[in-house]
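Summary of the model geometry
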Amino acid sequence: MVGAGGIGCELLKNIVLMGFGQIHIVDLDTIDLSNLNRQFLFRHEHIKKSKALVAKEAAERFNPNVKIVAHHANIKDKEFTVGWFRGFTVVFNALDNLEARRHVNKMCLAANVPLIESGTTGFNGQTQVIEKGLTACYDCTPKETPKSFPVCTIRSTPSQPIHCIVWGKSYLLNEIFGASEDQAAFDHSEDAANAKEIEELRRESEALKKIRDAVGTPEFPKMLFDKVFNTDIERLRSVEDMWKSRAAPGALDYNKVLSEAADAATRKDSILTDDQRPWSLQESLVVFNDSLERLSKRALEQSKVKGPSDPEPIITFDKDDIDTLDFVTASANIRSVVFSIECKSRFEVKQMAGNIIPAIATTNAIVAGLCVLESFKVLQGEYNQAKEVFLTPFAPGRLLAPDRPRKPNPECPVCGVSNASVIVDLSRATLSDIVEGYIREQLGLGDREFSLSNDVGILYDYDETDNLPKKLIELGIGNGSFLTIMDDSDDDTLVNIVLDIEEGTLDPAEKPYKAVAEGKPDIPRKPKAAAPLETNGESKTNGTAEPKGLKRSNESGEEQPSKKAKIATSAPEDNDVVLVEEAGGAIVIDD
């Protein structure tokens, strides 16, 4: 089970009570106060402790006959190899982020282990069974990328609270205490407005470096405030064309605001514990100065213990780190005052800056129950009975909308490939052993022309043979590495083969590699491009006939259509015959 949060707590309770024999839990997170309203395995005394370890201790009391192993770690760590995944009968995903979901999806496909994917957003939820070759995988349909904002909007013309929050989190905090600029938060498309702001951003970074050198001095808060809330704002105000259709920002004077904040300074402790109310400008300055003092102290302490060859220590935003949260909230609210934008409370900033998806205990419980029901079908091999189930409480007709699993997408770069694993003795194995021995002989590629690459680039092809005598470790290939084999044949082309490298100790008298699976695998061919369909007047979308009567899941979160039964019109009107098209869901019959 990957993830021990909202869904994970409910799911662990279920599978422990159902008598699953051995359960491994992987989670890198620690327990926060905000978790306690829905993650019922945790108590107040568990705050700051490992979710995986505490969940194990709590769940063991439900059924002492079940063996639970907890891993306080990132599922992307090197220890969780394809071979490790292969040791399980089924994997449950109870994650809250796209990157980790995609990683587990890839590993389960490579290990040929069924995965039960799940997720919730507020009152909505979904459960999906993923089995290689039988159902669509997590990457068969494109996923929405994280929201980014134009640099010109964040830097010069903010109009919403989120613009000020992103500025405080991804720009100001990083420039002073972290790595310069959070690239993922900004849209760097080179349009005219953005290109100018990107160049200005570089100049601003140079100016802020000088202020960064003053960290920990009494002058530091004033230097930073004057730079970003006075000098920079006056520069923006001087661009008169920018303010013809909107109100110009108002620059702030540090000494003036500080004198007005005398009363707020006496109430600092109560302000710092007030999560629910947006702070005033004066209160925000008090928190701004206090958080800078705390962060400066941390930064200086980290610098003292840094080794000569260690990288410069940085402080990054974490929604559960009160120091960075206070700084971002205060900075964003001061900037909001400058641009006449609504201020937000620290609680609201935490949600927005931390990309927190609303979570509801009952939704998590329902989805966790659906995961277990689908796992029974997986354990019995009854994939024809598996369903994608959508929890849509505001849809007309029914709460749960089950649907047949989607078929795999032949063009999917993750499941539309062939997977293979090889055990290698890294002390001896060369690239030639893999290319000429394992790939040509044991995988059966023979005389085919192919290329071999990893994340860095091409390691071998027909014209690039210099790497063949090199050992795998010289090429950066180790335990858990993936290599991609691309068939260069024009006809009867094989699909790409993703090769998993697993380190092992082999007899020196034997070859330095050994296939995990016996025999030559049956590697599929790439599908040939289909000829254009003659539609005989049926509706078309991008040249393909639109299938009729097919209900498909809506990833945008919109309501699922309710299912209705057909009524045979050939029967007498006073004795209508109800025709049920499909079992497995509620049938709605009109009066």
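Across its full length, the protein chain holds 16 helices and 19 strands. Taking all 591 residues of the protein chain together, the buried fraction comes to 47%. Taking as baseline every contact in the protein chain between residues at least 6 positions apart, the subset at least 24 positions apart corresponds to 65%. In the structure as shown, the protein chain presents an accessible area of about 30,600 Å², 51% of it carried by carbon and sulfur atoms.

Taking strand neighbours across the sheet as the criterion, the 6 strands line up as E12-E11-E13-E14-E10-E15 in an open arrangement whose pairing is mixed. On the outer flanks of this sheet lie strand E12 (458-460) and strand E15 (513-515), each paired with one strand and no other. Along the sheet, successive strands turn relative to each other by an average axial angle of 35°, direction set aside. Pairing of strand E11 (residues 450-453) with E12 involves 2 bridges; the strand directions are antiparallel. When the bridges of E12 are listed, Ser453 appears paired with Ile458.

In this section: helix H2 (residues 51-60). When H2 is considered as a whole, its buried residues turn out to be Lys51, Ala52, Val54, Ala55, Ala58 and Ala59. In a view along the axis of H2, the buried residues occupy a sector of 165°, so they form one face of it.

Ordered by their spatial adjacency, 5 strands build an open sheet running E3-E4-E5-E8-E9, and the pairing between neighbours is mixed. The strands lining the two open edges of the sheet, one partner per strand, are strand E3 (91-92) and strand E9 (400-403). Relative to strand E5 (residues 124-130), strand E4 (residues 115-121) runs antiparallel, the two sharing 7 bridges. Bridge pairing in E5 places Thr121 opposite Asn124. Where helix H15 (residues 361-379) meets the sheet, its contacts fall on E3, E4, E5, strand E8 (388-391) and E9, and the angle it forms with E4 comes to roughly 165°.

Take helix H16 (residues 431-442) next. Buried within H16 are the following residues: Leu431, Asp433, Ile434, Val435, Gly437, Tyr438, Ile439 and Arg440. Looking at the buried positions of H16, the neighbouring elements they touch are strand E10 (418-424), E11, E12, strand E13 (482-487), strand E14 (497-503) and E15. Looking one or two residues past H16, Gly444 carries a phi angle of roughly 85°, positive in sign.

This part covers unusual backbone geometry. Located in the positive-phi region is Ser340, a residue other than glycine, with phi close to 55°. Checked against the element boundaries, Ser340 lands in the loop between helix H13 (322-338) and helix H14 (346-353).

As a further point, take the environment of Phe149. One can find Phe149 in strand E6 (residues 149-150). For Phe149, a relative accessible area of 12% translates into the label buried. Linking Phe149 and Trp167, residues 18 residues apart in sequence, is a C-alpha distance of 9.9 Å.

The alternating pattern of E8 places Glu388 and Phe390 and Val389 and Leu391 on opposite faces, both of which are buried. Direction of pairing for E8 relative to E9: antiparallel, over a ladder of 4 bridges. Looking at the pairing, Glu388 lines up with Asp403 of E9.

Turning next to the confidence of the model for the protein chain. Of all residues in the protein chain, 84% attain a pLDDT of 70 or more, and the chain-wide mean is 86. Here strand E18 (residues 566-568) stands out as the element of the protein chain with the lowest mean pLDDT, 39, in contrast to E3, whose mean of 98 is the highest. Contacts from residues 539-591, a stretch scored under 50 in pLDDT, to residues over four places away or in other chains number 75 contacts.

Glancing now at the packing of H13 against H14. Running from amino to carboxyl end, H13 crosses H14 at an angle of 100°, the nearest separation of the two axes being 10 Å. Relative to H14, the element H13 lies roughly perpendicular. Contacts between H13 and H14 involve Ile322, Leu325, Asp326, Val328 and Thr329 from the first element and Arg346, Val349 and Lys350 from the second. Partitioned by chemical class, the residues of the contact of H13 with H14 number 4 nonpolar, 1 polar and 3 charged.

Below, the discussion takes up a negative patch on the surface. A contiguous patch of negative charge, built from Glu449, Asp463, Asp488, Asp490 and Asp491, is present on the exposed surface. Asp490 gets classed as exposed once you look at its relative accessible area, which sits at 75%.

Glancing now at the pattern of salt bridges. Scanning the entire structure with this criterion turns up 35 salt bridges. A salt bridge links Lys51 to Asp29; the nearest nitrogen and oxygen atoms lie 3.5 Å apart. Within this pair, whereas Lys51 is found in helix H2, its partner Asp29 is found in the loop between strand E1 (22-26) and H2, the two being separated by 22 residues in sequence. A relative accessible area of 6% places Lys51 in the buried class. Across the pair Arg440 and Glu436 runs a salt bridge whose closest N-O atoms are separated by 3.2 Å. With Arg440 and Glu436 both in helix H16 and 4 residues apart, this pair spans about one turn of that helix. Relative accessible area serves as the criterion here: at 18%, Arg440 is assigned to the buried category. Each of the salt bridges in this network shares a partner with another, and the network as a whole consists of Lys268, Asp275, Asp290, Arg294, Arg298, Asp321, Asp323, Asp326 and Arg346.

Quick notes on the rules
Residues numbered from 1 in each chain as written. Predicted model: local features only at pLDDT ≥ 70, side-chain atom pairs only at ≥ 80, totals over all residues. Heavy atoms only, no water. Helix = DSSP H or I, 4+ residues; strand = E, 2+ residues; numbered from the N terminus. Buried < 20%, exposed > 50% of the residue type's maximum accessible area, 1.4 Å probe, protein only. Contact = heavy atoms within 4.5 Å. Areas by Shrake-Rupley, 256 points an atom, 1.4 Å probe, with all protein chains shown as cover. Pairing = 2+ DSSP bridges. Axes fitted to C-alpha atoms, helices over the stretch in contact; angles between N-to-C directions. Arc of directions from axis to C-beta. pLDDT = per-residue confidence, 0-100. Parallel < 35°, antiparallel > 145°, perpendicular 65-115°, else oblique. Nonpolar A, V, L, I, M, F, W, Y, C, P; charged D, E, K, R; others polar. Patch = residues over 30% accessible without salt bridge, like charges linked within 9 Å, V, L, I, M, F, W, Y side chains within 5 Å. Salt bridge = Lys/Arg side-chain N within 4 Å of Asp/Glu carboxyl O. Lys, Arg positive; Asp, Glu negative; His and termini not counted. Charge placed at Lys NZ, Arg CZ, Asp CG, Glu CD.

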